[in-house]
Each structure stands twice: as C-alpha cells, then as structure tokens.
Amino acid sequence: MELLTHQSTSVQTPALRSVGNIVTGDDVQTQIIINCGSLPALLSLLGSQKDGIRKEACWTISNVTAGNSTQIQAVIDANIIPPLINLLSNGDFKTRKEACWAISNATSGGLQKPEQIRYLVQQGCIKPLCDLLSCPDNKIIQVALDGLENILKVGDMDKETSEDPSDQSVNHFALHIEEAGGMEKIHDCQNNINEEIYMKAFNIIGKYFSDDDEAGADMDAAPGQSGFGFGQQQQQQQPQQGGGFNFANGGDSMDM
C-alpha cells in the first residue's frame, strides 16, 4: 500500500489500478485490501493534482462502498466521505460520476444502517446528488436517484419513529431534497425516455412529495409500464464500471 502514496504518479497509477481491480471482487478480497491499510492512502489520493488519479481513487472507493455495511463504515471512519462529497460537487465530470457511484453505494445499508445515511446527509451529499439528475448520462441519473431514494426511505423511518408529534408528518430529508432543487429535477426525470428512470422518478414523487389524495390520483394516471418498484433498488455497481481498469480490454488510460 506504500506505493499508493509514492511521490511519482508513474508508480501511483499501476498501484491504484491493482488495488482497484482487487476490490471489484467479493467482500473477502475487499476486506483484505482494507486490512492492508489502503483507505488512508486512498484518502490521500483524493487530493491528487491529477484528475485521472482522483477519478480512479473514487472508482476504487466505490467498489469498497459496494461491499458490506462494515466496509462502508470503514470508509466513513477513514474520513473519506467529506473529500469524496467535495469531488462529487466540484470535480470534473468523470470524477463526479465515479464519486456518485461511491456515495450511492454507501447508501445501500439503508434501513439496516440508517446512521450511515444520516452521516452522509450531514456531510452534504444531497445537493450534489440532486445536481447530477440533470446531467447527460442516464446511468448516473439512475445511480443518483437510487441514492436519493435510499435517503428518503430513512427519512420516512425517522418520521415514523419520532417522539415529537410535529415531526411525525415530516420527512426532513424530503425537505432537504426540495430545498436543493431536487424535487423539480426528479419531476423532470419523469420525462426521461429511459423507462427505469421515469418510473423510479414517478414512484419517488408519488411516495415522498405528494399528498395522499394527490398521490392516489397520480398513481391512477401512472404509465402502464411495470417500471422500478420500491425494494428493487439498483444494487451495488457491477465490477469494472466507469473508468476502471479492465484486464479483458487492457484497461482505459488514466487522464493525466
């Protein structure tokens, strides 16, 4: 893992690609990489001057957050989330896409680990996820919607378990999304030609942003497609998505 923090990018690059490919495997392989001390090194690489290294570091982290909830917690404990969200907000588009995968995957603990989603929200993940809903990449729109839906599910859970009567009718995460301009963007996603996107957007609006009477009327007018039902959350990303290295094709070049 020392090679990940080598001063030369010509050393960092193959080391990062090697680690990235290992964590596309199963949770056991991912845990071995975590045990070797890779997370502090990946945290350092998120601050690299090279766009390609930052992008590849986000891709590698996304495959760690695609692991189990303990591995997601290890990423949180390594203080990787704040700089990751910074790149999600301010990185070049290729880096933002990989960071979107990483954050959305980190919401996959969902109702089992709601404290993880609360932490992601506290660190400011909602606004940049909402912003990506208007990007030109349908896959990333879908990934961002998945993350926002997981956040909304925890918001509903918090509403139902709140001891404060004034909070029992309010999904605070839905309010945060609305304040970030996300509700309007989710509405717009209902016009997307991609069936999975428009159905997921339709369901999110109906469940979290409509009054009960309005939601019932809206559901009666729903498109006739089966679409994405709740509980069919898109699961963790497939290995080798995005800009990652792929042994089968010789790998994409990193943008230096």
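In case you missed it, the structure is sitting above this.
Residues numbered from 1 in each chain as written. Predicted model: local features only at pLDDT ≥ 70, side-chain atom pairs only at ≥ 80, totals over all residues. Heavy atoms only, no water.

Enquirer: Which parts of the structure should I look at to understand helix 6 (residues 81-90)?
Expert: The periodicity of an α-helix, 3.6 residues per turn, causes residues three or four places apart in sequence to face the same way. When we look at burial in helix 6, the residues that qualify are Ile81, Leu84, Ile85, Leu87 and Leu88. Burial along helix 6 is one-sided: seen end-on, the buried residues are contained in an arc of 155°. Looking at the packing, one finds that the buried side of helix 6 touches helix 4 (51-65), helix 5 (69-77), helix 7 (93-106), helix 8 (114-122) and helix 9 (126-131). (Buried < 20%, exposed > 50% of the residue type's maximum accessible area, 1.4 Å probe, protein only. Helix = DSSP H or I, 4+ residues; strand = E, 2+ residues; numbered from the N terminus. Arc of directions from axis to C-beta. Contact = heavy atoms within 4.5 Å.)

Enquirer: Help me understand unusual backbone geometry, please; the structure alone is not making it clear to me.
Expert: Most peptide bonds take the trans configuration, and most residues that are not glycine carry a negative phi. Even without being glycine, asparagine 79 reaches a positive phi, approximately 60°. One can find asparagine 79 in the loop between helix 5 and helix 6.

Enquirer: Could you clarify how one ought to interpret the packing of aromatic side chains in this entry?
Expert: The description of an aromatic ring pair uses the distance of the two centres, along with the angle that the planes make with each other. Under the defined criterion, the tally for this structure stands at zero aromatic pairs. Its guanidinium or amino end placed over the ring of tyrosine 208, lysine 207 lies 5.6 Å from that ring's centre, counting from NZ or CZ. (Phe/Tyr/Trp six-rings, centres within 6.5 Å; stacked < 30°, edge-to-face > 60°. Lys NZ or Arg CZ within 6 Å of the ring centre and 35° of its normal.)

Enquirer: Looking at this structure, how should I read the environment of glycine 155?
Expert: Considering the arrangement of structural elements, one finds glycine 155 in helix 10 (residues 138-161). A residue is classified by how much of its surface remains accessible, and glycine 155, at 4% relative accessible area, is buried. With 16 residues separating them along the chain, glycine 155 and asparagine 171 place their C-alpha atoms 5.0 Å apart. Beyond its immediate chain neighbours, meaning those up to four positions away, glycine 155 contacts Asn171 and Phe173.

Enquirer: Please clarify how helix 11 (residues 172-179) should be interpreted in this entry.
Expert: Within the sequence span of helix 11, burial applies to Phe173, Ala174 and Ile177. All buried residues of helix 11 fall inside an arc of 105° around its axis, so they share one side. Buried residues belonging to helix 11 abut helix 8, helix 9, helix 10, helix 12 (182-189) and helix 13 (195-208). The positive-phi residue at the C-terminal boundary of helix 11 is glycine 181, with phi of around 80°.

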